[in-house]
Amino acid sequence: MKLQGKTIGVLIEQDYQDLEVWYPYYRLREDGARVMLIGTGTQTEYKGKYGYPAKAEAHIEQLDTRELDGLVIPGGWAPDKLRMSASVLQLVRHLNELRKPIACICHGGWVLCSAGILRGRRVTSYAAIKDDMLNAGATWVDEEVVVDENLVTARKPDDLPALMRDFIWLFK
């Protein structure tokens, strides 16, 4: 169990992409990690785009970031709400400064843009936010998964196996 003793956060907000939360959640647990669903505090339970509920185990405002070894940022419509939280952006910047692994998929790239951590980074995302990522200073490519130091990005739910393979690999 490669991730035994690691705590990895998964950001959640209303209208998250169901697969992009639950696939990483269970894959990381399968490899021994403690996985924590982190909400913005607007609710205690958030519904995915397809209605699946996720109960927040932690509120971003009360989170001790020192307990996180990595972070997953899912897509869906949730990133548009997540990026409006100063605490979410601060968490992403802090983990990036510490070079802790960050996995991001689909529209989750909006959070990376707003956190200001993309200048000079090579990334991918859902094609609809390509311009946002380019405007944030990234080099955008249309590939299944891209690893740039501690940052692992993917385009869509079909890319989840590759995203999680490379994200877990960063915990060597």
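Quick caveat: nothing in here was measured; it's all calculated off a predicted structure. (Residues numbered from 1 in each chain as written. Predicted model: local features only at pLDDT ≥ 70, side-chain atom pairs only at ≥ 80, totals over all residues. Heavy atoms only, no water.)

Asker: Even after reading the chapter, I still don't get the overall build of the protein, so can you show me in this structure?
Answerer: For the protein, the count of helices and strands is six helices and eleven strands. A compact globule built from 172 residues would reach a C-alpha radius of gyration of about 16 Å, and the protein, at 14 Å, matches this within 12%. When its C-alpha atoms are laid out on the principal axes, the protein stretches across 35 × 35 × 30 Å. Per-residue burial over the protein gives 58% buried out of 172 residues. Sequence separation of at least 24 residues holds for 65% of the intrachain contacts in the protein that already meet a minimum separation of 6. A total accessible area of about 7800 Å² is found for the protein, and carbon and sulfur atoms account for 46% of it. Charge-centre separation for the protein: the mean point of 22 positive side chains lies 3 Å from the mean point of 24 negative side chains. (Helix = DSSP H or I, 4+ residues; strand = E, 2+ residues; numbered from the N terminus. Rg over C-alpha atoms; globule rule 2.2 N^0.38 Å. Buried < 20%, exposed > 50% of the residue type's maximum accessible area, 1.4 Å probe, protein only. Contact = heavy atoms within 4.5 Å. Areas by Shrake-Rupley, 256 points an atom, 1.4 Å probe, with all protein chains shown as cover. Lys, Arg positive; Asp, Glu negative; His and termini not counted. Charge placed at Lys NZ, Arg CZ, Asp CG, Glu CD.)

Asker: I'm lost on the state of the cysteines in this one. Help?
Answerer: One way to say it: the disulfide is the covalent bond shared by the sulfur atoms of two cysteines. Scanning the entire structure with this criterion turns up zero disulfides. Considering cysteine sulfurs only, cysteine 113 is the nearest to cysteine 104, which forms no disulfide, with 8.6 Å between them. Free of any disulfide, cysteine 106 has its nearest cysteine sulfur in cysteine 104, 9.0 Å distant. (Disulfide = S-S within 2.5 Å.)

Asker: Teacher, can you tell me more about the pairing of strand β11 (residues 151-154) here?
Answerer: Look at any regular strand and the pattern is simple: side chains alternate between the two faces of the sheet. Alternating positions in β11 separate into two faces, Leu151 and Thr153 on one and Val152 and Ala154 on the other, with burial throughout. Note that strand β7 (residues 102-105) and β11 share four bridges and pair parallel. By the bridge assignment, isoleucine 102 is partnered in β11 with leucine 151. Where strand β10 (residues 145-148) lies against β11, four bridges are found, and the strand directions are antiparallel. Of the residues in β11, the one forming a bridge with valine 147 is valine 152. (Pairing = 2+ DSSP bridges.)

Asker: Please explain the side chain of arginine 121 as it appears in this structure.
Answerer: Its place among the elements puts arginine 121 in the loop between α4 (109-115) and β8 (122-123). A relative accessible area of 6% means that arginine 121 is categorised as buried. Excluding residues within four positions of it along the chain, arginine 121 makes contact with Asn96, Arg99, Gly137, Ala138, Thr139, Asp148, Glu149, Asn150 and Leu151.

Asker: How should I be thinking about the packing of aromatic side chains in this particular structure?
Answerer: The way to describe two aromatic rings as a pair is by their centre distance and the angle between their planes. Counted by the stated rule, this structure contains five aromatic pairs. Summarising the aromatic geometry, the rings of tryptophan 22 and tyrosine 52 are spaced 5.5 Å apart at their centres and angled 80 degrees between planes, so their arrangement reads as edge-to-face. Residue tryptophan 22 is found in helix α1 (residues 18-30), and its partner tyrosine 52 is found in the loop between β3 (45-47) and β4 (53-55); the two are separated by 30 residues along the sequence. Accessibility expressed as a relative area gives 16% for tryptophan 22, which makes it buried. What makes tyrosine 52 partly exposed here is its relative accessible area of 48%. Aromatic side chains phenylalanine 167 and phenylalanine 171 sit 5.3 Å apart centroid to centroid with 90 degrees between the ring planes, which places their arrangement in the edge-to-face category. The class of phenylalanine 171 is buried, set by a relative accessible area of 9%. The structure contains a cluster of three or more aromatic residues connected by ring pairs, namely Trp22, Tyr25, Tyr26 and Tyr52. The ring of tryptophan 77 carries lysine 49 above its face, with NZ or CZ at 4.5 Å from the centroid. (Phe/Tyr/Trp six-rings, centres within 6.5 Å; stacked < 30°, edge-to-face > 60°. Lys NZ or Arg CZ within 6 Å of the ring centre and 35° of its normal.)

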